Amino acid sequence: MKADPFNNVAEVTERLEEEYPSSNLGNKERPFDELVYTVLANRTREEYYQRAFGRVKDLVKDWNQLPDVEDEDLAAAIGDAGLGRKKARTLKHAASLLQNDMDEVSLDFLENMSTEDAEDYLLRIRGVGPKTVKCVLMYALDRTVFPVDTNCARVGNRTGWLESSARRYTKAQMHRIEERVPSRLRRSLHIRLVQHGRRTCTDGKPHCDSCPLNDLCDYYEANR
Ligand code: SF4
């Protein structure tokens with residue numbers, strides 16, 4: 001019988017920490033900033049969404065102005081980060097919801113909420129899914145959650161500890177995975193899996209020969 005693949009999650013984290021010493025992916029300290037950053041990051045490359053974040057910040061000097069920005073102007077600022085209209089609608093809905101509920105476009109109030117309540121609140125934003133929510137919780141609110149993005153799913157699936165490489169995980173699926181990852185490892189493992197998926201375990205043909213996980217990997221074992 002195959003050993004529980006989560007048994008080596010600490011070893012995987014340690015090896016990836018050695019491979020990727022920096023844990024800075026440009027994420028934001030303020031939760032609304034992080035929400036915008038993560039929405040812009042959806043299905044695009046790092047350089048595109050980083051530039052788009054700068055353009056959106058230039059357009060909307062103060063997030064409280066976001067509900068009044070024209071959709072088309074916002075979509076144009078998102079530009080080559082892609083899905084401009086969809087991302088603009090999501091950001092406008094988030095801003096309007098907050099203005100309505102809190103009288104300001106800020107998610108700072110989540111700091112005083114439990115992780116579960118903060119998660120439920122964020123999921124009320126149309127177009128925001130469990131991965132984006134967990135990124136806001138982890139990066140900006142320091143909660144010990146484990147977002148599963150496409151890179152995490154791909155690496156996790158190839159190495160054999162995630163059953164699916166699906167682009168989207170449901171809230172329940174993500175919770176089940178999170179429970180299997182020790183809380184002390186979650187942040188670091190998430191960040192390193194993102195880096196590993198971008199640089200080595202890439203979409204398409206992965207660079208297995210230079211991978212520090214290849215002796216632990218089902219895909220490598222099956223395809224070498
Ligand atoms: S050995 Fe290849 S498939 Fe496995 S994690 Fe490394 S790069 Fe990905």
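Predicted model only: the values in this text are computed from it and were never measured.

1. What about the site of the ligand?
The immediate surroundings of the ligand are formed by 14 residues, with C201, P206, C208, C211 and C217 found nearest. At the level of elements, helix 8 (150–159) and helix 11 (218–223) are the ones that each hand at least two residues to the shell around the ligand. Counting residues per element, the shell around the ligand draws most heavily on helix 8, at three residues. For the shell around the ligand, the class distribution of residues is nine nonpolar, four polar and one charged.

2. Considerations on the domain arrangement of the protein
When its domains are assigned, the protein resolves into domain 1 (5–23 + 146–223) and domain 2 (31–140). The gap between the C-alpha centroids of domain 1 and domain 2 is 26 Å. Every contact between the two is made by 11 residues of domain 1 and, on the other side, six residues of domain 2. For the side of domain 1 that touches domain 2, the class distribution of residues is five nonpolar, two polar and four charged.

3. Re helix 5 (residues 84–102)
Its 19 residues place the ends of helix 5 26 Å apart at the C-alpha level, agreeing with the 27 Å of an ideal helix rising 1.5 Å per residue. All of the buried residues in helix 5 are K87, A88, T90, L91, A94, A95 and L98. One side of helix 5 carries all its buried residues, which in axial view fall inside an arc of 165 degrees. Relative to its buried face, helix 5 has exposed residues pointing more than 90 degrees away, namely R85, N100 and D101. For helix 5, the secondary structure elements touched by its buried residues are helix 2 (31–41) and helix 4 (71–78). Positive backbone phi, at 65 degrees, marks D103, one or two positions downstream of helix 5.

4. Topic: the nonpolar core
If you look at the biggest cluster of nonpolar residues, it comprises 60 residues, and the most contacted ones within it are V36, L40, A52, I78, L91 and V136. Viewed by domain, this core spans two of them, domain 1 (5–23 + 146–223) and domain 2 (31–140), each represented by three or more residues. When neighbours within four sequence positions are excluded, V36 is seen to be in contact with F53, V56 and L91.

5. A word on the packing of helix 8 against helix 10 (residues 183–199)
At a minimum axis separation of 8 Å, helix 8 and helix 10 run at an interaxial angle of 80 degrees. The orientation of helix 8 with respect to helix 10, classified from their angle, is roughly perpendicular. Here helix 8 contributes N151, C152, R154, V155 and G156 to the contact with helix 10, which in turn contributes H190, L193, V194, H196, G197 and R198. Grouping the amino acids of the contact of helix 8 with helix 10 by side-chain chemistry returns four nonpolar, five polar and two charged.

Reading guide: rules and limits
Residues numbered from 1 in each chain as written. Predicted model: local features only at pLDDT ≥ 70, side-chain atom pairs only at ≥ 80, totals over all residues. Near = placed C-beta within 6 Å. Helix = DSSP H or I, 4+ residues; strand = E, 2+ residues; numbered from the N terminus. Nonpolar A, V, L, I, M, F, W, Y, C, P; charged D, E, K, R; others polar. Domains from an automatic or database assignment. Contact = placed C-beta atoms within 7 Å. Expected span 1.5 Å × (residues − 1). Buried ≥ 20, exposed ≤ 12 C-beta atoms within 10 Å, placed from the backbone. Arc of directions from axis to C-beta. Core = buried A, V, L, I, M, F, W, Y, C linked by C-beta atoms within 7 Å. Axes fitted to C-alpha atoms, helices over the stretch in contact; angles between N-to-C directions. Parallel < 35°, antiparallel > 145°, perpendicular 65-115°, else oblique.

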